[in-house]
Structures are given as structure tokens and as C-alpha cells.
Amino acid sequence: GFLPNHRFALIREEAGGVDPEPTSENPTPKLNRLLYEFNNKEPGDQNGDVWDSFAHELLLATPEQNIKRRDLYDGSPLLLKGWAKGQVAICGDAAHPMMPNLGQG
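Residues numbered from 1 in each chain as written. Predicted model: local features only at pLDDT ≥ 70, side-chain atom pairs only at ≥ 80, totals over all residues. Heavy atoms only, no water.

## Focus: the overall build of the protein
Cut-off, in case you're wondering: The secondary structure listing takes helices from DSSP runs of H or I that are at least 4 residues long and strands from runs of E that are at least 2 residues long, numbered from the N terminus. For every residue, the accessible area (1.4 Å probe, protein chains only) is compared with the maximum for its type, and the residue is labelled buried under 20%, exposed over 50%, or partly exposed between those bounds. Residue contacts are counted whenever heavy atoms from the two residues lie within 4.5 Å of one another. Accessibility throughout is a Shrake-Rupley quantity obtained with a 1.4 Å probe, and a residue counts as covered only by protein chains that appear here.
Along the backbone of the protein there are two helices and two strands. Reading the secondary structure of the protein in the N-to-C direction produces α-α-β-β. In the protein, which comprises 105 residues, the proportion classed as buried is 16%. For the protein, the proportion of contacts with a sequence separation of at least 24, taken over those separated by at least 6, is 47%. Split by element, the accessible area of the protein, about 9000 Å² in all, is 56% carbon and sulfur.

Structure representation (C-alpha cells):
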């Protein structure tokens, strides 16, 4: 069967934000935000970076309903806390931070 490609675009901002809902004036607010944040024309994005046009092609090929927001959080290193307590131990994906859709079993 067909397996869709997954793309990730990371934007640094406070966690817990909410994307605007589509309106008749702006039917693709999430896509428009990504196109703005990853600008491929001079003068570039807010940091002055000009992104490759291929990045824009990938964004433009992504339907609005397929754009998902996921907050990332920094966690304390587990190395100093140990891997086991009593008869319980953590291993695999539980032992390191991972996006929910990246755990491979």
C-alpha cells in the first residue's frame, strides 16, 4: 500500500500555542504560516534566512488538513537518575525523548 511521506518543520515558540482555524479570508492558516516562517525570497525569514525553493515546493504540496502541530519539550537527562528502580526498568523508546510518531517499536 501507499505510505505517505512525513515532513517536519520546527518553529521555536512557547509551548501550548493554538493554530488559527481556517476562514473564508484565510482558508490555509497553517500552510500560510509555514510559508512565511520558511520564506524563500529576499529578505528572508525573521532571522534573514532565505530557504531553498524546494522546501516551498514540499510545503505547497501538503494539504492544510495534513499539517499537524506538535509541541516539543526538553526533559531532564535520565542518565543521572538510573534506568531501574526495584523490579522496574525502562528501555527502548521509553528511555529517551521521542516524538510520538517516531517511536519504531
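## Describing the pattern of salt bridges
Cut-off, in case you're wondering: Any Lys or Arg side-chain nitrogen found within 4 Å of a carboxyl oxygen on Asp or Glu counts as a salt bridge.
Tallying each qualifying case throughout the model produces four salt bridges. For Arg 69, the salt bridge goes to Asp 19, with nearest N and O atoms at 2.8 Å. Linking Arg 69 in the loop between α2 (53-60) and β1 (84-85) with Asp 19 in the segment before α1 (29-37), this pair joins segments that are 50 residues apart in sequence. Note on Asp 19: relative accessible area 23%, which makes it partly exposed. Here the residues in one salt-bridge network are Glu 13, Asp 19, Arg 33, Glu 37 and Arg 69, joined through shared partners.

## Some points on the environment of His 6
Residue placement: His 6 occurs in the segment before α1. Separated by 56 residues in sequence, His 6 and Thr 62 have C-alpha atoms that sit 9.9 Å apart.

## Section: the side chain of Thr 62
Formally: Any N or O atom pair separated by 3.5 Å or less is treated as a polar contact, with the protein-specific requirement of one donor-capable and one acceptor-capable atom, and with residues adjacent in sequence counted only for side-chain atom pairs.
Tracing the backbone through its elements, the reader meets Thr 62 in the loop between α2 and β1. Polar side-chain contacts of Thr 62 include one of 2.8 Å to the backbone oxygen of Leu 58. What Thr 62 contacts, discounting residues up to four positions off in sequence, is Arg 7, Leu 31 and Ile 67.

## Focus on the packing of aromatic side chains
Our working definition: Classification of ring pairs rests on two measures: the distance between centres of Phe, Tyr or Trp rings, Trp counted by its six-membered ring, which must be within 6.5 Å, and the angle between planes, read as stacked under 30 degrees, edge-to-face over 60 and tilted in between.
The tally for this structure, following the rule as stated, stands at one aromatic pair. Taken together, a centroid distance of 4.8 Å and an interplanar angle of 80 degrees make the contact between Phe 38 and Trp 51 edge-to-face. Here the residue Phe 38 occupies a position in the loop between α1 and α2, and Trp 51 occupies one in the loop between α1 and α2, the gap between them amounting to 13 residues. Take Phe 38: its relative accessible area is 10%, and that puts it in the buried class. Relative accessible area serves as the criterion here: at 36%, Trp 51 is assigned to the partly exposed category.

## So, the confidence of the model for the protein
Should the pLDDT be low somewhere, the predicted coordinates at that spot are not to be read in detail. For clarity, the threshold we go by: pLDDT is a residue-level measure of predictor confidence that goes from 0 to 100.
With 76% of its residues at a pLDDT of 70 or more, the protein has an overall mean of 81. Here β1 stands out as the least confident element of the protein, with mean pLDDT 84; α1 is the most confident, with 93.

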